[in-house]
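Listed below are the residues making up each chain.
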Amino acid sequence: MKHELFLDWSPDSRDHAALLQRLANANLTSGGPSGHRNIAIIVRDPGTGEAISGVWGIILYGWLFIDLLYVVEPDRRQGLGSRLLTGLENAARENGCVGSWLSAYAFQAPGFYEKNGYEQFGRLGSAAAPGSTAGNQILFYRKSFGR
């Protein structure tokens with residue numbers, strides 16, 4: 001069967017959801033239940049309720065993937081990032097996860113992750129983004145929770 005391919009620079013989130021569901025169904029057949037759960041710790045502005053800092057993760061097949069971690073500038077270097085990360089790790093551990101992993105650009109505080117017990121297990125070389133004057137490596141980190 002010949003298929004027509006469509007390149008889309010602003011894809012619809014419904015298409016993503018449809019493909020993700022198809023992948024989840026195929027994974028269930030091959031790998032069994034994934035235990036997929038989104039998990040987050042959010043810090044909200046007390047006046048507006050807006051999320052200003054936090055960590056977001058995805059639990060899948062016994063691993064916590066740290067999708068994003070952000071601390072608003074005035075609160076950086078105060079321990080909040082470590083508290084967020086540790087809180088999410090503890091919740092994942094209590095949910096049966098064996099460890100955590102993440103990816104970060106080299107300019108995104110790799111020392112922070114190392115200070116929090118993560119070890120680098122991979123790296124992708126530098127590549128300049130369109131309009132950027134410098135390339136940046138992507139670093140991959142993992143942390144075993146031990147049992």
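Preceding block: the structure.
Residues numbered from 1 in each chain as written. Predicted model: local features only at pLDDT ≥ 70, side-chain atom pairs only at ≥ 80, totals over all residues. Heavy atoms only, no water.

Novice: Quick question: what am I supposed to make of unusual backbone geometry here?
Specialist: Peptide bonds are mostly trans, and most non-glycine residues show a negative phi. Of note in this structure, Tyr61 is not a glycine but carries a positive phi near 50 degrees. Along the polypeptide, Tyr61 turns up in the loop between β2 (51-60) and β3 (63-70). One non-glycine residue, Arg77, adopts positive backbone phi at about 60 degrees. Relative to the helices and strands, Arg77 is located in the loop between β3 and α2 (80-94). (Helix = DSSP H or I, 4+ residues; strand = E, 2+ residues; numbered from the N terminus.)

Novice: In this structure, what is going on with α2? I would like to understand it.
Specialist: The periodicity of an α-helix, 3.6 residues per turn, causes residues three or four places apart in sequence to face the same way. A rise of 1.5 Å per residue sets the reference length of α2, with its 15 residues, at 21 Å; its end C-alpha atoms lie 21 Å apart and thus fit the reference within 8%. Taken together, the buried residues of α2 touch β1 (37-44), β2, β3, α3 (110-115) and β6 (138-144). Downstream of α2 by one or two residues, Gly96 has phi in the positive range, about 95 degrees. (Expected span 1.5 Å × (residues − 1). Contact = heavy atoms within 4.5 Å.)

Novice: Help me out: how do you make sense of the sheet that holds β6 in this one?
Specialist: Judged by pairing direction, the sheet is mixed, and its six strands sit side by side in the order β1-β2-β3-β4-β6-β5 without closing on themselves. Whereas interior strands pair on both sides, the edge strands pair on one side only; in this sheet they are β1 and β5 (119-124). Along the sheet, successive strands turn relative to each other by an average axial angle of 20 degrees, direction set aside. Sitting on the sheet, α2 is in contact with β1, β2, β3 and β6, with an inclination near 150 degrees to β1. (Pairing = 2+ DSSP bridges. Axes fitted to C-alpha atoms, helices over the stretch in contact; angles between N-to-C directions.)

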